Amino acid sequence: MRNYDLEFLKKFSLVIGFLMLVTLGLMVGAYYVHQQLPPEVSPIAAKQTQARIAPAGAVYAGTTGAAAQAAATAAAAAAAASQVAYGGTTDGSVIFGQLCTGCHTSGAGGAPTLDKAHWSARIAQGTETLHKHAIEGFTGSAGVMPAKGGNPALTDDQVKATVDWMLANLK
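S.K.: Before we go on, may I ask you to explain the overall build of the chain in this structure?
M.R.: Tallying secondary structure elements over the chain gives seven helices and two strands in all. N-terminal to C-terminal, the α/β element order of the chain is α-α-α-α-α-α-β-β-α. Against the 2.2 N^0.38 benchmark of 16 Å for 171 residues, the chain shows a C-alpha radius of gyration of 39 Å, more extended than a compact globule. For the chain, restricting intrachain contacts to residue pairs at least 6 apart in sequence, the fraction spanning at least 24 positions comes to 54%. As displayed, the chain has an accessible area near 12,400 Å², and 64% of this comes from carbon and sulfur atoms.

S.K.: I'm lost on the nonpolar core in this one. Help?
M.R.: Taken as a class, soluble globular proteins show a tendency for nonpolar side chains to be buried jointly. Counting residues in hydrophobic clusters, the biggest one holds 14 residues, and the most contacted among them are Phe-96, Leu-114, Trp-119, Leu-154, Val-159, Val-163 and Met-166. When contributions to this core are tallied by element, the ones reaching two or more residues are α4 (92-104), α6 (127-136) and α7 (156-168). Those residues in contact with Trp-119 that sit more than four places away from it in its chain are His-104, Pro-112, Thr-113, Leu-114, Leu-130, Met-166, Leu-167 and Leu-170.

S.K.: Mind showing me how you'd approach the side chain of Thr-113 here?
M.R.: Tracing the sequence through the fold places Thr-113 in the loop between α4 and α5 (116-124). At 2.8 Å, the side chain of Thr-113 forms a polar contact with the side chain of His-118. The contacts of Thr-113, once residues within four sequence positions are left out, are His-104, Thr-105, Ser-106, Gly-107, His-118 and Trp-119.

S.K.: Hey, could you run me through the packing of α4 against α7 in this one?
M.R.: Geometrically, a packed helix pair is captured by the angle between its two axes and the distance between the axes. At a closest axis distance of 9 Å, the pairing of α4 and α7 adopts a crossing angle of 75°. Between α4 and α7, the interaxial angle falls into the category roughly perpendicular. Along the contact surface, α4 presents Gly-92, Ser-93, Ile-95, Phe-96, Cys-100 and His-104, while α7 presents Gln-158, Ala-161, Thr-162, Trp-165 and Met-166.

The rules behind the values
- Residues numbered from 1 in each chain as written.
- Predicted model: local features only at pLDDT ≥ 70, side-chain atom pairs only at ≥ 80, totals over all residues.
- Heavy atoms only, no water.
- Helix = DSSP H or I, 4+ residues; strand = E, 2+ residues; numbered from the N terminus.
- Rg over C-alpha atoms; globule rule 2.2 N^0.38 Å.
- Contact = heavy atoms within 4.5 Å.
- Areas by Shrake-Rupley, 256 points an atom, 1.4 Å probe, with all protein chains shown as cover.
- Core = buried A, V, L, I, M, F, W, Y, C linked by side-chain atoms within 4.5 Å.
- Buried < 20%, exposed > 50% of the residue type's maximum accessible area, 1.4 Å probe, protein only.
- Polar contact = N/O pair within 3.5 Å; in protein donor to acceptor, adjacent residues only side chain to side chain.
- Axes fitted to C-alpha atoms, helices over the stretch in contact; angles between N-to-C directions.
- Parallel < 35°, antiparallel > 145°, perpendicular 65-115°, else oblique.

Following this line, the structure appears as structure tokens:
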């Protein structure tokens, strides 16, 4: 090899070495900058966080607040209406069998069983009174009848149908 070839190889090796050091420096710098960036938050985690920190209630003030409160009340009523108990059936035997039988079969809490002897004084008050007590609830000397049998998802018509079924099936 000639002398100028050796000089070229030395200088070329130095340039390649320098470029390798610059490349390593850039890689270390990129790694450092990457570590400084905040991690990307998944959309699911963001929704969960928003749900967790959402306000528990709202303030209704003035006419705008009254309108918002009326809209919220209407939305709550619509949501409650969509969740009618027992599929909306007005078959008193189905509702009695799934809800009322617990107390009215055993007499728990002073509930009258399906015997005419237990119902004679109640029937004398009239079916409208019995319907009202079953819908709104009633506290008497014998015990307590919770409103709608303890299931607020029942409609008034379902409660009335169940009371009527019970009266028709007294023994």
